[in-house]
There are 4 protein chains.
Amino acid sequence: MLERSSEALLQRYQQVRKASEELARPLTVEDQVIQTMPDVSPTKWHLAHTTWFFETFVLAEQLPDYKDFHPQYRYLFNSYYNAVGPQFTRAHRGQLSRPTVTNILEYRSYVDRFMVKFLSGSFSKPLPPAVVDTILLGTHHEQQHQELILTDIKHVLGSNPLLPTYKEGLVSDEIETSPLQWRTYDGGVFWFGAQEGAFLFDNESPRHQDFLQPFQLAHRPVTAGEFLSFMEDGGYQQPSHWLSDGWSTVQREQWECPLYWYKQDDQWYIFTLAGARPLSLSEPVCHVSYFEADAYARWAGARLPTEQEWEFVAREHAPQGNFVEQQLFHPANEQTYLKMKEASPSSEASPFHRLYGDVWEWTSSPYTSYPGFRPAQGAIGEYNGKFMCNQMVLRGGSCATPQDHIRPTYRNFFPPHARWQFSGLRLAK
Amino acid sequence: MLERSSEALLQRYQQVRKASEELARPLTVEDQVIQTMPDVSPTKWHLAHTTWFFETFVLAEQLPDYKDFHPQYRYLFNSYYNAVGPQFTRAHRGQLSRPTVTNILEYRSYVDRFMVKFLSGSFSKPLPPAVVDTILLGTHHEQQHQELILTDIKHVLGSNPLLPTYKEGLVSDEIETSPLQWRTYDGGVFWFGAQEGAFLFDNESPRHQDFLQPFQLAHRPVTAGEFLSFMEDGGYQQPSHWLSDGWSTVQREQWECPLYWYKQDDQWYIFTLAGARPLSLSEPVCHVSYFEADAYARWAGARLPTEQEWEFVAREHAPQGNFVEQQLFHPANEQTYLKMKEASPSSEASPFHRLYGDVWEWTSSPYTSYPGFRPAQGAIGEYNGKFMCNQMVLRGGSCATPQDHIRPTYRNFFPPHARWQFSGLRLAK
Amino acid sequence: MLERSSEALLQRYQQVRKASEELARPLTVEDQVIQTMPDVSPTKWHLAHTTWFFETFVLAEQLPDYKDFHPQYRYLFNSYYNAVGPQFTRAHRGQLSRPTVTNILEYRSYVDRFMVKFLSGSFSKPLPPAVVDTILLGTHHEQQHQELILTDIKHVLGSNPLLPTYKEGLVSDEIETSPLQWRTYDGGVFWFGAQEGAFLFDNESPRHQDFLQPFQLAHRPVTAGEFLSFMEDGGYQQPSHWLSDGWSTVQREQWECPLYWYKQDDQWYIFTLAGARPLSLSEPVCHVSYFEADAYARWAGARLPTEQEWEFVAREHAPQGNFVEQQLFHPANEQTYLKMKEASPSSEASPFHRLYGDVWEWTSSPYTSYPGFRPAQGAIGEYNGKFMCNQMVLRGGSCATPQDHIRPTYRNFFPPHARWQFSGLRLAK
Amino acid sequence: MLERSSEALLQRYQQVRKASEELARPLTVEDQVIQTMPDVSPTKWHLAHTTWFFETFVLAEQLPDYKDFHPQYRYLFNSYYNAVGPQFTRAHRGQLSRPTVTNILEYRSYVDRFMVKFLSGSFSKPLPPAVVDTILLGTHHEQQHQELILTDIKHVLGSNPLLPTYKEGLVSDEIETSPLQWRTYDGGVFWFGAQEGAFLFDNESPRHQDFLQPFQLAHRPVTAGEFLSFMEDGGYQQPSHWLSDGWSTVQREQWECPLYWYKQDDQWYIFTLAGARPLSLSEPVCHVSYFEADAYARWAGARLPTEQEWEFVAREHAPQGNFVEQQLFHPANEQTYLKMKEASPSSEASPFHRLYGDVWEWTSSPYTSYPGFRPAQGAIGEYNGKFMCNQMVLRGGSCATPQDHIRPTYRNFFPPHARWQFSGLRLAK
């Protein structure tokens, strides 16, 4: 396959590496160092850890003479791979002033030089498939961290009373949202999961059959305006809408609205990467936890789709939408969305709005292994499988996801209380 | 149906109520008051809460002149029904010296008198179906708490350095365990869940179709001896066997063996409700969490069954085995088990050992709603549905479960770290 | 000295031992088992621990053939004596249902039999002074625990929504409190601490000189009514009255009034060992922490006395007042106080009210060693000295203190946030 | 007095302000942002907070037209002055990436410009004494924060596995330490506290009489080598040496040596601001808590001096020694100390070594108010008084203290568990 040639790999490698550094460019040094909660990692950590991946799993294994850039980075920038060795405590990543941002950019250059040389040197002699797999995985891994750079820095800036702006964004007029429509599907036994061939994460495999009941899926995600109705109807005060764990969380955390919303002088505002601004009712609601998504759905007399239902629908549609390349860094409001759609005629015909991009959509499916699942061999087998517990599946990518990173079978997952990701919801029945 | 007649209801009511009090009989007053961890409730609380259920959902609703036994018991003994009102903090149940055990036995008598009168008075005039449903539910609810009385008091006694005995038990010789055999099944689309008719919990419905891959199921649960091999092979020291959350739990809690096991002078002992004794290798391993069950299965090159696989097999077999009526209060070792089987010829023919009774079997299925699930109306709708998050399904009942409480479609559920229940595992492939 | 003869010792021993059991008599078994916060110990623990003291420090050392009542009680009922061995975790004392209350009463009888025999056997042959010291210490130790039995059971009952009564008490009319008067003293160099001879705790020694500035001391403690004025003046809302640690505590614990006060329908109530009743304005304010005492004094334009000032005044007056023997178990209101005073003509002449009894009086003195202090030899040296940090001195005894346990030089001590003791304050300038 | 003229004030102001910025110069931006424990504040916070002091208490009050540099800095950089308004949570100071280091240097310049103009403008017309007091206080306040900049950055660098160097330091040979000598003093009634006149903190006043027992004081602090003997004698394993709170802390924190000591290949190392190096036995032990100082003294058969004893001795000697101006940033070893002493002939004659500088010396005195103490009026009254609880007094200054900031009556204070300051001890008897 084309994407597996050394030339294609090199090109992809360079694009992905450059994209990470571009994301950090608007930030001050100070922004890249701190950690505002245990789930958040400093930008400089993301820049280093993605580099560590190539150093550890490619260079150190493939180049007999390779010398580590620094003897302690193997420990400092290991995230959770027990098979590779001990890890620096996750919750203390923000307690390391050194290595500095400059040190880490040097680290990136150093590893990049070796990687480019390694890949260039294999133009005439194809790399073993396992090596190609690892390098491809490394680039997709880095794309995941690109999204995390954005969600984490949003938390860093959004926790600051000064509410600093990451990057000025465009402003659109507010227009009416289209009324909710339902698309109807028959059930049956169908195939799910990714086909071997193009790149896939191990958790998308093996391809397998499963049974689907007849169902209906909403043609668009729930909007901020709809979610506001839930709030105004006492949604956060009424335990009957909530899962038991959800209700405890609401009370313990004193949640009264989605993350990054706040009220001032009777007007709702939202903090975005382009700064704080009045809430736009037509944009998809974002930064809600699974608990909130599930409570909203129950209040609305509907439910969340299973990941099978979502995938069944989505595989008929190519991934197009408001991805990170649009540089909105926020779910589009209705006017912006329609303009984007016009600009991309192929997406216009879809009977669904925003299946991809804008917000990750919580499904009602706990994250478990597909029948017959086998994690990858070695340390890389720790990538996905060991998290299959107490997490829920999200689908479709967001405004912070690189477009070529997403596909219909892609499974994202977070614990049900997490809400610092760009996560929203779409209803099913 | 017979079980729904007022006569049958009255008989069942009286049997169940008596059984609870029988379970408390071997205990001192002191034993019935304390709480050794937040999950544990005092015996006297169980005795009161099950009574509260009938007072709240039957007497207060059906008898216009009913007067509460005590004005504050509605608050003190509500477990988690938000629709009924606020609840006394669960973790502080052991901080209430009053009402005393005697007060609570009076409370039970008071409510029983009214219930008996109410049921007797309806012999000639059938009760509305919804009332019958609630009373039946109340008895099954109380049977669940009978199991909890035992698991909770085991924690109370087992936390005490004096290791007191609940009730002397029989002692059997140790014999060889039968080697593990696998039973093989073809996949296909099948029906799951309980049929309307006999009593069922709402979480067993609706009956629905699902798809099963071909699979194999072990003919018996994993034994203590087999689990010991896992331990001796470094099972608790090797992160690669464990889910990520499981490994954190092992480290944080410093787990090195199942709950209630301890080593002394190089010999493994186990605390049971009949006191501490040397570990019997042929008994099913018990008091393991989902994390430990899952790690064992991975180490053994197998996996846990899904709840569908378990149910598909189990519905061919009637619930027979080592239940609470046997008064062992512990999983039987091989010799005891074989004697029990002989005594019950109908079970002898089964190709499976101990599908029911002995230990609850962890499945790999997160606890979620069946397609089309609707919780019961009103406060009783909080019974099951709101816990469908961060919990795993267990099947088959245990040595602490009343036999007529269990059935093939019965779904028990606990968080993956819980291990104070009589929980074990059976392998699948 | 008379109190050191074996006859006197035996009599004192028996009186003290009996008094402890009398205090437990009004309680149910359930009351004696639980622990409502880490500082509180169950009644049965106090009954056992005071017995452990005699078993460990007298019987086991003096009687060569003495056999422990139970091999594990040495561990279970050691409070904090590291030199004697490990201790069962203090915060888990309420997690032990066994030994039962009955077991512990048997333990007491067993030890008492040996102690009585031991003391009777020495009528003709005087005991070594060190043994006499230890036995005397044991009785004073048990008297301290008598006070704790009351303060702890008050917390147990007062934490229960049913607010049970320990013992019905007398009711007095409310009369006007006498206006505050100040007594004035010149400074100088004076002697402080206890003289050798009669029983004393090591922390009262050595007798030493210290310098006193001229000062004034209030003739009576602050009343509940005066404290209410502080509250109504926003005392708990105004940080400027408070020590920094005090203000954090107020906010973290959400303190708005003394412990055991609560407001209902615009009336202030107080929970006492005789049940809940409307607040009496003329009784000394009680169950305030050092932080609250200090804040009140600052608000009132005064300060707390040092322990030297208090002792300088008190040594002119014999300990008389509302002690545990009065069986009020609560600070007396003005009418009751005056009646008590009348009944004890010798106290009538005192220019001070309630210097002894009613409430322990917080001083501004951190608990430190006197110059030249030497803790007792051996394990008993852990009695006092090792707590000389982060605690404040209180003086004078309370309504829960045995009268013959107190003296002018007696130093009680608790951390500045503690308020479950009968602690109040007297102003100085 | 000379130091109170506007000219002197301006000179002092400029020197102090410059010194703070000099201390930050060796640091990267990253170093100045993070917070490695709640007690530590980021360097940039110290730079801003000391500026906030002048803005809030001088400029905003004295200049009618003064405009705040930034509207939210008043809130962000208030440390604990409730009278001035709410404060940003101390433990989250390291979660603020903005304002950046550059912003804060601009803030400093802005306020400096106004301060210089204000002071210059008053050369001809003397400022009111209260204003002079506040400005002087501001400079001493900033000097305290200069010490904290060093102790806090030491924690930041010392928590980093890379152990970065703040500033390369000089290396001296190791020589034998002089044997411990005792100086003997008679007791009596003496005067303590600072005389009005020169600058003093309110907690040093009022001057008052107190009584001193005869005592002996060691001629030098305890050395690292002596402390090592305590460790090798099982000091950290033997509860009898420790206060009860100290022993809990040792066990909870798993202390086995002073902060910044670590063992590698059987050799003890110490992290210093000049990097990690083998432990020097002749340097004063440093970074011990009160608990450790007190345990050491008990082990050594001695005790800590009271603050009165220390002051009584120290007021005979002028403050000379290893202060921050020496730029060692670490207690001097014996050789370095002797060289310093030679260079300062006036100190050579002292019968005491290192009374001032090197390490703060823990005293056995809880931090309380002197008799008749009155805090300063207004918000500045919160400076000292409200911390008079649960803290112990230290005396003498350290290698991180500016020399002209210290005097014999100077009272520093920290909680007994704190050890990130340059704190050591001197024995008394």
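Residues numbered from 1 in each chain as written. Chains lettered and ligands numbered in written order. Predicted model: local features only at pLDDT ≥ 70, side-chain atom pairs only at ≥ 80, totals over all residues. Heavy atoms only, no water.

A. Structural detail: the sheet that holds strand S13 (residues 423-424) of chain A. The strand order across the open sheet formed by four strands is S12-S11-S10-S13 (chain A), and the pairing between neighbours is mixed. The strands lining the two open edges of the sheet, one partner per strand, are strand S12 (412-414) and S13 of chain A. (Pairing = 2+ DSSP bridges. Helix = DSSP H or I, 4+ residues; strand = E, 2+ residues; numbered from the N terminus.)

B. Representation of the packing of aromatic side chains within the structure. Residues and elements named next belong to chain A. Inspection of the entire model under this criterion finds 180 aromatic pairs over all chains. Between Tyr296 and Trp299, the ring centres sit 5.4 Å apart and the planes meet at 50°, which makes this aromatic pair tilted. Remark: Trp299 and Tyr296 occur in helix H8 (residues 290-299); sequence separation between them is three residues, near one turn of the helix. Given the relative accessible area of 4%, Tyr296 is considered buried. Pairwise contacts between aromatic rings join Tyr13, Trp52, Phe53, Phe54, Phe57, Tyr80, Tyr81, Tyr367, Phe387 and Phe413 into one cluster. (Phe/Tyr/Trp six-rings, centres within 6.5 Å; stacked < 30°, edge-to-face > 60°. Buried < 20%, exposed > 50% of the residue type's maximum accessible area, 1.4 Å probe, protein only.)

C. Structural detail: the interface of chain D and chain A. Between chain D and chain A, the residue contacts involve 29 residues of the former and 29 residues of the latter. Together, the buried faces of chain D and chain A total about 2,400 Å²; carbon and sulfur atoms form 60% of this surface. If you sort the residues of chain D by the area they bury against chain A, D:Glu30, D:Arg98 and D:Leu162 come out on top, with a joint share of 29%. On inspection of chain D and its partner chain A, the count reaches two salt bridges. Note that A:Arg98 is salt-bridged to D:Asp31, the shortest N-O span being 2.5 Å. Inspection of the chain D/chain A interface yields ten residue pairs in polar contact (both at pLDDT 80 or more). Looking at the side of chain D that touches chain A, the elements that each hand over two or more residues are helix H3 (73-76), helix H4 (101-120) and helix H5 (129-158) of chain D. Along the lines of polarity and charge, the residues of the side of chain D that touches chain A split into 14 nonpolar, twelve polar and three charged. (Contact = heavy atoms within 4.5 Å. Buried area = accessible area lost by both parts, 1.4 Å probe. Salt bridge = Lys/Arg side-chain N within 4 Å of Asp/Glu carboxyl O. Polar contact = N/O pair within 3.5 Å; in protein donor to acceptor, adjacent residues only side chain to side chain. Nonpolar A, V, L, I, M, F, W, Y, C, P; charged D, E, K, R; others polar.)

D. Layout of the pairing of strand S3 (residues 208-212) of chain C. All names here are of chain C. With respect to burial, S3 is a largely interior element, four of its five residues being buried. In this structure, strand S2 (residues 188-192) lies alongside S3, joined through five bridges in antiparallel fashion. Each residue of the ladder has a partner; that of Phe190, found in S3, is Asp210.

E. Spotlight on the domain arrangement of chain A. Residues and elements named next belong to chain A. Annotation of chain A at the domain level lists domain 1 (2-158) and domain 2 (182-424). Taking the mean C-alpha position of each, domain 1 and domain 2 sit 27 Å from one another. Taken together, the contacts link 31 residues of domain 1 with 29 residues of domain 2. In this assembly, domain 1 packs against domain 2 so that about 2,600 Å² is buried in total across both faces, 64% of it on carbon and sulfur atoms. On the domain 1 side of the contact with domain 2, His140, Glu147 and Lys154 bury the most area, a combined 26% of that side's loss. The interface formed by domain 1 and domain 2 contains one salt bridge. Between Asp404 and Arg12 there is a salt bridge whose closest N-O contact spans 3.1 Å. Applying the counting criterion to the domain 1 and domain 2 interface returns 17 residue pairs in polar contact (both at pLDDT 80 or more). Mapped by element, the contributors of at least two residues to the side of domain 1 that touches domain 2 are helix H1 (6-24), helix H2 (43-62) and helix H5 (129-158). (Domains from an automatic or database assignment.)

F. Structural detail: the nonpolar core. Ranked by internal contacts, the top residues of the largest apolar core, which has 230 residues, are A:Ile135, A:Trp261, D:Ile135 and D:Trp261. D:Ile135 has contacts with D:Leu9, D:Phe54, D:Val58, D:Met115, D:Phe118, D:Leu119 and D:Leu127, leaving out every residue within four places of it along the chain. Grouped together as the second largest cluster of nonpolar side chains are 225 residues, B:Tyr260, B:Leu304, C:Tyr290 and C:Trp360 included. (Core = buried A, V, L, I, M, F, W, Y, C linked by side-chain atoms within 4.5 Å.)

G. Quick peek at the relation of the copies chain D and chain A. When chain D is fitted to chain A, the residual RMSD is 0.0 Å, and the transformation amounts to a turn of 180° plus an axial shift of 0.0 Å. What the superposition gives is, in effect, a two-fold axis relating one chain to the other. (Least-squares fit on C-alpha atoms with pLDDT ≥ 70 in both.)

H. Local environment of helix H7 (residues 244-253) of chain C. Buried residues of H7(C): C:Ser244, C:Gly246, C:Trp247, C:Thr249 and C:Val250, and no others. Positioned one or two residues after H7(C), C:Gln254 has a phi angle of 55°, which is positive.

I. Up close: the relation of the copies chain A and chain B. The transform that puts chain A on chain B rotates by 180° and translates by 0.0 Å along the axis, for an RMSD of 0.0 Å. The share of interface residues of chain A whose copies in chain B are also at the interface is 100%, consistent with both copies meeting through the same surface.

J. Expanded view of the interface of chain A and chain B. In this complex, chain A contributes 24 residues to the contact, which on the side of chain B involves 24 residues. Both faces considered, chain A and chain B share a buried interface measuring about 1,900 Å² in area, 64% of it formed by carbon and sulfur atoms. Of all residues in chain A, the largest losses of buried area upon contact with chain B belong to A:Phe211, A:Cys389 and A:Asn390, amounting jointly to 25% of the total for that side. Applying the counting criterion to the chain A and chain B interface returns zero salt bridges. Taken together, the connections running from chain A to chain B amount to four residue pairs in polar contact (both at pLDDT 80 or more). Of all the elements in the fold, those that place two or more residues in the side of chain A that touches chain B are strand S3 (208-212) and helix H7 (244-253) of chain A. Looking at which element gives the most residues to the side of chain A that touches chain B, the answer is S3(A), with four residues.

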